[in-house]
There are 2 protein chains.
Amino acid sequence: MTMPLPPGSTIGILGGGQLGRMLALAAARLGLKSAIYSDVPGPAFDVVARSVTGAYEDTGAISAFARSVDVVTYEFENVPLAAAAAAENEAPVRPGAKALAVSQDRFDEKSFLRALSLPVAPFALVESEAHFAGAIAACGERAILKTRRLGYDGKGQARISKATELAGAFDAIKRAPSVLEGFINFEYEVSVLVVRGLNGEKRFYDCPLNTHKSGILDTSTVPSPLPPHHVARAREIGATIADALGYVGLLAVEMFYMGEGSTEPLVVNEMAPRVHNSGHWTMDACLCSQFENHVRAVAGWPLGPTERHSDVVMTNLIGDDVHAWRELSAEHGTALHLYGKAEARPGRKMGHVNRIRARG
Amino acid sequence: MTMPLPPGSTIGILGGGQLGRMLALAAARLGLKSAIYSDVPGPAFDVVARSVTGAYEDTGAISAFARSVDVVTYEFENVPLAAAAAAENEAPVRPGAKALAVSQDRFDEKSFLRALSLPVAPFALVESEAHFAGAIAACGERAILKTRRLGYDGKGQARISKATELAGAFDAIKRAPSVLEGFINFEYEVSVLVVRGLNGEKRFYDCPLNTHKSGILDTSTVPSPLPPHHVARAREIGATIADALGYVGLLAVEMFYMGEGSTEPLVVNEMAPRVHNSGHWTMDACLCSQFENHVRAVAGWPLGPTERHSDVVMTNLIGDDVHAWRELSAEHGTALHLYGKAEARPGRKMGHVNRIRARG
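Residues numbered from 1 in each chain as written. Chains lettered and ligands numbered in written order. Predicted model: local features only at pLDDT ≥ 70, side-chain atom pairs only at ≥ 80, totals over all residues.

Draft legend 1. Seen up close, the overall build of chain A. What chain A contains, in helices and strands, is 11 helices and 17 strands. In summary, chain A has a C-alpha radius of gyration of 20 Å against a globular reference of 21 Å for 360 residues, a match within 12%. Reported as C-alpha extents along the three principal axes, the dimensions of chain A are approximately 60 × 50 × 45 Å. Counting all 360 residues of chain A, 53% fall into the buried class. Relative to all contacts within chain A whose residues are 6 or more apart in sequence, the contacts with residues 24 or more apart total 62%. (Helix = DSSP H or I, 4+ residues; strand = E, 2+ residues; numbered from the N terminus. Rg over C-alpha atoms; globule rule 2.2 N^0.38 Å. Buried ≥ 20, exposed ≤ 12 C-beta atoms within 10 Å, placed from the backbone. Contact = placed C-beta atoms within 7 Å.)

Draft legend 2. Structural context of the domain arrangement of chain A. Residue and element names in this part refer to chain A. Domain parsing of chain A yields domain 1 (10-93), domain 2 (122-182) and domain 3 (188-358). Computed over C-alpha atoms, the centres of domain 1 and domain 3 are 22 Å apart. Contacts between the two partners involve 19 residues from domain 1 and, on the opposite side, 16 residues from domain 3. Contributing elements (two or more residues each) for the side of domain 1 that touches domain 3: α1 (18-29) and β4 (71-74). For the side of domain 1 that touches domain 3, the leading source of residues is α1, giving eight residues. Of the residues belonging to the side of domain 1 that touches domain 3, the class tally is 12 nonpolar, two polar and five charged. (Domains from an automatic or database assignment. Nonpolar A, V, L, I, M, F, W, Y, C, P; charged D, E, K, R; others polar.)

Draft legend 3. Seen up close, the interface of chain A and chain B. If you look at the interface, chain A gives 36 residues, while chain B gives 36 residues. Contributing elements (two or more residues each) for the side of chain A that touches chain B: α1, α11 (325-330), β16 (334-338) and β17 (349-358) of chain A. Residue composition of the side of chain A that touches chain B, by class: 21 nonpolar, 10 polar and five charged.

Draft legend 4. Broad picture of helix α3 (residues 81-88) of chain B. Residues and elements named next belong to chain B. When α3 is considered as a whole, its buried residues turn out to be A83, A84, A86 and A87. Projected onto a plane normal to the axis of α3, the buried residues spread over an arc of 160° and lie on a single side. Against α2 (59-67), β4 (71-74) and α4 (97-103) lie the buried residues of α3. (Arc of directions from axis to C-beta.)

Draft legend 5. The arrangement of the sheet that holds strand β8 (residues 178-182) of chain A in detail. All names here are of chain A. The strand order across the open sheet formed by four strands is β5-β8-β6-β7, and the pairing between neighbours is antiparallel. Looking along the sheet, the strands with just one partner apiece sit at the ends: β5 (123-126) and β7 (157-160). Strand-to-strand, the axes of this sheet are offset by a mean angle of 25°, without reference to chain direction. Here strand β6 (residues 143-147) pairs with β7 via four bridges, running antiparallel. What sits directly across from K146, in β7, is Q157. Along the sheet face, helix α5 (residues 106-115) touches β5, β6 and β8 and points at about 50° away from the line of β8. Of the strands in this sheet, β5, β6 and β8 are in contact with helix α6 (residues 132-139), which crosses β5 at around 170°. (Pairing = 2+ DSSP bridges. Axes fitted to C-alpha atoms, helices over the stretch in contact; angles between N-to-C directions.)

Draft legend 6. Examining the packing of α2 of chain B against α3 of chain B more closely. All names here are of chain B. Between α2 and α3, the shortest axis-to-axis distance is 8 Å and the interhelical angle comes to 40°. Between α2 and α3, the angle is such that the two are oblique. α3 is crossed by α2, and the crossing has right-handed handedness. Contacts from T59, I62, S63 and A66 in α2 reach A82, A83, A86 and A87 in α3. Partitioned by chemical class, the residues of the contact of α2 with α3 number six nonpolar, two polar and no charged. (Parallel < 35°, antiparallel > 145°, perpendicular 65-115°, else oblique. Left-handed = near helix turned anticlockwise from the far one by under 90°.)

Draft legend 7. Up close: unusual backbone geometry. Geometrically, the link from R94 of chain B to P95 of chain B is a cis peptide bond, its omega value of -5° lying close to zero. Structurally, P95 of chain B is set in the loop between α3 and α4. Here V222 of chain B and P223 of chain B are connected by a cis peptide whose omega angle stands at 5°. In this fold, P223 of chain B is placed in the loop between β12 (216-222) and α8 (228-244). The phi angle at S117 of chain A is positive, at roughly 60°, despite the residue not being glycine. Within the secondary structure, S117 of chain A sits in the loop between α5 and β5.

Draft legend 8. Quick look at the relation of the copies chain A and chain B. Between the two copies, chain A and chain B, the superposition gives an RMSD of 0.0 Å; the rotation angle is 180° and the shift along the axis is 0.0 Å. Viewed as a symmetry operation, the transformation between the two copies matches a two-fold axis. A share of 100% of interface residues in chain A that are also interface residues in chain B marks the association as one of identical surfaces. (Least-squares fit on C-alpha atoms with pLDDT ≥ 70 in both.)

Draft legend 9. Fine view of helix α1 (residues 18-29) of chain B. Residue and element names in this part refer to chain B. Compared with the 16 Å implied by 1.5 Å per residue over 12 residues, the 17 Å span of α1 between its first and last C-alpha is a close match. Counted residue by residue, α1 has 12 buried out of 12 residues, so it is predominantly covered. Among the residues of α1, those classed as buried are Q18, L19, G20, R21, M22, L23, A24, L25, A26, A27, A28 and R29. (Expected span 1.5 Å × (residues − 1).)

What follows is the structure, encoded as C-alpha cells:
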C-alpha cells in the first residue's frame, strides 16, 4: 500500500493546455503544487509558479523534470512513450505507460478493446492499397478512414459512402497508416467518466450526452436520456477498460448508444486516458470535479464524491464564440470558464460555460 | 462607464496569503491573470506565474507593481495608505483607499458607522489613563478593550468585567491606542457578504451564522436561523456601508443578532473590505464564489449569481486540525481546501472544509 502524497507535494503535468491548467487549479485546492512541462508555453503556465518549456522528445529534460516532482501525469495521450519511460525512472507516472501506448494508436486501441470482448464498430487496418478490398469487406462501404495516430477533434479523418471513394480518402489523409471504421447508425453519443484510485477503487460520474459541431464537442448534457440499465452497462465497460490498464486517474470512454432494441446497445467509440472535455460540467455540478478526482487518484488520495448536485449543460466556446464573454458572464445560472488563450483561432477551444439548474 | 477588463488582463493582488491564493484561483477561471505582491512569500505564490516580494512601505516597488498590472486589489485591510496611494497613481485600486482608511482603525470604523446612523455597541477611545473614567461611563463595566489598529482573530484584545480591571487590560495590550467596547449580550453572530460592482449594483450572499473558538472563526453555517425580516435589515446595513464607501468588490460585515424582542436586533461588530473567512462556504455551495465575485467586481465585469444551490457548514482547519487531511478528504459530501502552508503553527489558518447537503 503506497502512502498518499502529503499536501505540499508537487504534481508534474506534461502538457500546458487548458486541461493542464484546470488540473493545476484543482491540485491547488488540495494544497498540492503543480509544475508544468510543455513544448510551448500555454494556458497552464499562468497558474503555476514553475513551468518548463522543452521538447517531449528531450528525454534528458523530461527526466530532470520528473526528478523535481513527486508524481507525473499528463493532459494529452500523445506523450511519446520514450518520454513516459524516462519520467517513470524518476517518479511514478499515472496513469501508466500502458494507457498511453494503447490510446495513441487507433488500431491498437480497437484491438485492445476487442480483446476485452468489448463492443466496437467493425474496423480494419489500411496502410496501403493492398488493404482496401479487405477493409471494405470488413467494414462495409459506409465508413470513416482515420489516421492511426495523432488525430483529434475530427482532424485526420475522411468519410466514404462507396468503396471507390476509399482511394481518394486515403490520399486526403496523406496516405498515413490508418484504420477504416464501419459507419455506425447510432442514436446519440454518451461518455463514461470513471476515476480509478491507486487501490483500484472506481467511481463514476453521471454519463453526459454529447453533441458535436464540425467534429468538435459542442455540448455535454447531464442527465442524459440513457436508460438506467444501459448506464450500468456503460459503467461496466468503463470499469473493464480501467481495470485492464491498471489505470490510475480519470478515464473517459466515448460510446455510441444504438437504441433500446439493439442487440448491442452501446458501442465504444474511443477512449482518452486523461480528463476529458465531456467532463467539464463536473466543475460546477459536482462537489468534486473530474480534475480534482484525477489529482486525488494520481496523488494516491481517497477518491472524492462523484454525485452531481445540479443538472447541467456544458457548452464549449470555440474560436470566435469566446467574444461573447461579456454577455455570457452576465447570464444567470451560468458559470463561465475561460482558458486564458490570447488568440481566438477557428476551431480553438477557448473556454466553456456550464448552465446549471436544480436537479430534476 | 468604464469598460470591463478583457480576459487576459492582470489583477494585481497585494498580499500573498490564502485569500490572495483563492482570489487568484478564481481569476484564473475567468481567463484573468494574477500577480502577487507580498512582504513575504506565501501560499498565493504557488498559483501564479509572477510574484513580487517587497515591503508594503516601499512605495517605489508598489508603484512599479501597479504599473505592471491592470487593476490592484488586496487581501487584507492593513495595506498602508501610502502604498494604496502609490498604486492608485498607476492603476485603479479596488476597493478604494477610503475602505482601507476606515477599516484599519477601530475607532474610525465605529465613528464612520455611527455617522451613518448604523447600530454599533457603545464605544470610547482609550489612549491614556485620562480616558478610563469616561470610557467606563460610556460603555459600562463589562467591556472589551481592543487596539485601534492591527488586531485580528482575537489578538490585541482584553476583556474586563469591572472598572478597576481597565488599567490592567490597557497594560496587557501594551498601552496601545485603543477602543473600549461595551459588552453586547447577543444571541449569535452573522455576517453580511455583499458584492458591489463598478456600476453600483449590489448582490448579497446568504448570511452565515458564525461561531468562534479562541477568538478565531470556527464555523459558518448556511442557512442561518436569522429571521427573514432581519436578513433584510442586515442586507440594508451592508448596502449602506458599501454605498457610503463607493465600494467595489466583496465587503463583509460582521453583526451581532440581539434576539427577536430587541429594539435594535442587529448591531455591527466590524467590517472587512475584502473577501472574508465567513464567505468560504460560497466556494462549494454557490455557482459563483465570493472570490469570483470580488474578481468580477474589481475587473468591472457583470456580477455573478449569489444564490446557494446547497446548504453548507464551513469549518476552519486551524493549526493541527490540518493533520486530519486524509480522513477529511475521504468524508462524503465534504470539500477539502488546503492553503499549501508548510508549517501548522497553533492558531494558523491551514485550510477549511465545506460540508454540503441538499437544500432544505
